Each structure stands twice: as C-alpha cells, then as structure tokens.
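A look at the structure
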Amino acid sequence: MKTELNSKDYVTFARRFVKDLVMDMEIDELRSIVTDRIHEEIQEGENNFGQEGAFEEMWGWSEDIFNSVAKDFDLEFEGV
C-alpha cells in the first residue's frame, strides 16, 4: 500500500474526500462550519486592518446584507 500520491492524484483524492465529506454532513453541521470560517475571516480582517478591514471582509461576503445591517447600526460607507 502507498503512503504518498503523485501531485495530480493527490489533488483528485483531496477533492473527492472533501466532496464525499460534505455530502455526508447534515445542514446544521455545514452551517456551523461556514459560520466559524466567516467569523475567522472577519477577525483576521480586523486584526490586520482594524474595523475597516473587518467591514471589507463582511462586504465581500454580501454587500446587500452588509448594507442592511450597517443601516440598523446607523453606519454609512461609500463602498467599503
């Protein structure tokens, strides 16, 4: 049995693993993973560039949702 794959086979293996894993997950588990990942990206933006960086990350995920939430907090931006 092999313990390593050539580069092409590794990419194929990894993609199939991810596809099969995701297809085996429940929707709540997927939402939890995505939620955690988005929080991490927003936090990274804030760590590197302050609130402006965090807001840019949020805006990048969804401009419409960002603008809706910003309006609720009386924030105004000229295209983050």
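First, a word on what this report is: a plain description of the structure on this page. Everything quoted here is computed from the prediction, not taken from an experiment. Note that residues are indexed from 1 along each chain, following the sequence as it is written. It should be noted that, the model being predicted, local features are given only for residues of pLDDT at least 70 and side-chain atom pairs only at 80 or more, the latter also being counted only at that level, while totals for whole chains, interfaces and linings use all residues. As a convention, hydrogens and water are excluded, and side-chain values are obtained from all of the structure's heavy atoms.

**Quick look at the pattern of salt bridges**
For salt bridges, the criterion is a side-chain nitrogen of Lys or Arg within 4 Å of an Asp or Glu carboxyl oxygen. Under the criterion given, the structure shown has three salt bridges. Between Arg16 and Asp20 there is a salt bridge whose closest N-O contact spans 3.4 Å. Here Arg16 and its partner Asp20 are both found in helix α1 (residues 7–24), four residues apart, which amounts to about one turn of the helix. Only protein chains enter the calculation, and the probe is 1.4 Å; a residue is then buried if its accessible area is under 20% of its type maximum, exposed if over 50%, and partly exposed in between. Classification of Asp20 as partly exposed rests on a relative accessible area of 40%. Connected through shared salt-bridge partners, Arg37, Glu40 and Glu41 make up one network. Secondary structure is summarised from DSSP: a helix means a run of H or I of at least four residues, a strand means a run of E of at least two, and numbering begins at the N terminus for each.

**Quick notes on helix α2 (residues 27–61)**
With 35 residues, α2 extends just 20 Å between its outermost C-alpha atoms, more than 12% less than the 51 Å of an ideal straight helix rising 1.5 Å per residue. Bending is quantified residue by residue as the angle between axes fitted to the seven-residue window ending at that residue and the seven-residue window starting at it. Of all the bends found along α2, the most pronounced is centred on Phe49 and spans about 145°. Listed as buried for α2 are Ile42, Gly45, Gly53, Ala54 and Phe55. Elements that come into contact with the buried residues of α2 comprise α3 (63–72). For a helix, the expected span equals 1.5 Å multiplied by the number of residues minus one. Residues are treated as being in contact if the distance between any of their heavy atoms lies within 4.5 Å.

**Section: the packing of α2 against α3**
Helix axes use the C-alpha atoms of the stretch in contact, all axes being lines fitted to C-alpha atoms, and the angles between their N-to-C directions lie in the range 0 to 180 degrees. Where α2 contacts α3, the two axes come as close as 5 Å, and the packing angle between them is 125°. Here α2 lies oblique to α3, going by the angle between them. Between α2 and α3, the contacting residues are Phe55, Met58, Trp59 and Trp61 on the first element and Glu63, Phe66 and Asn67 on the second. Side-chain classes are defined by residue name, with Ala, Val, Leu, Ile, Met, Phe, Trp, Tyr, Cys and Pro counting as nonpolar, Asp, Glu, Lys and Arg as charged, and the others, Gly among them, as polar. For the contact of α2 with α3, the per-class residue count stands at five nonpolar, one polar and one charged. Under this scheme an angle from 65 to 115 degrees is roughly perpendicular, one under 35 degrees roughly parallel, and one over 145 degrees roughly antiparallel; angles in between are oblique.

These figures capture arrangement, not role.
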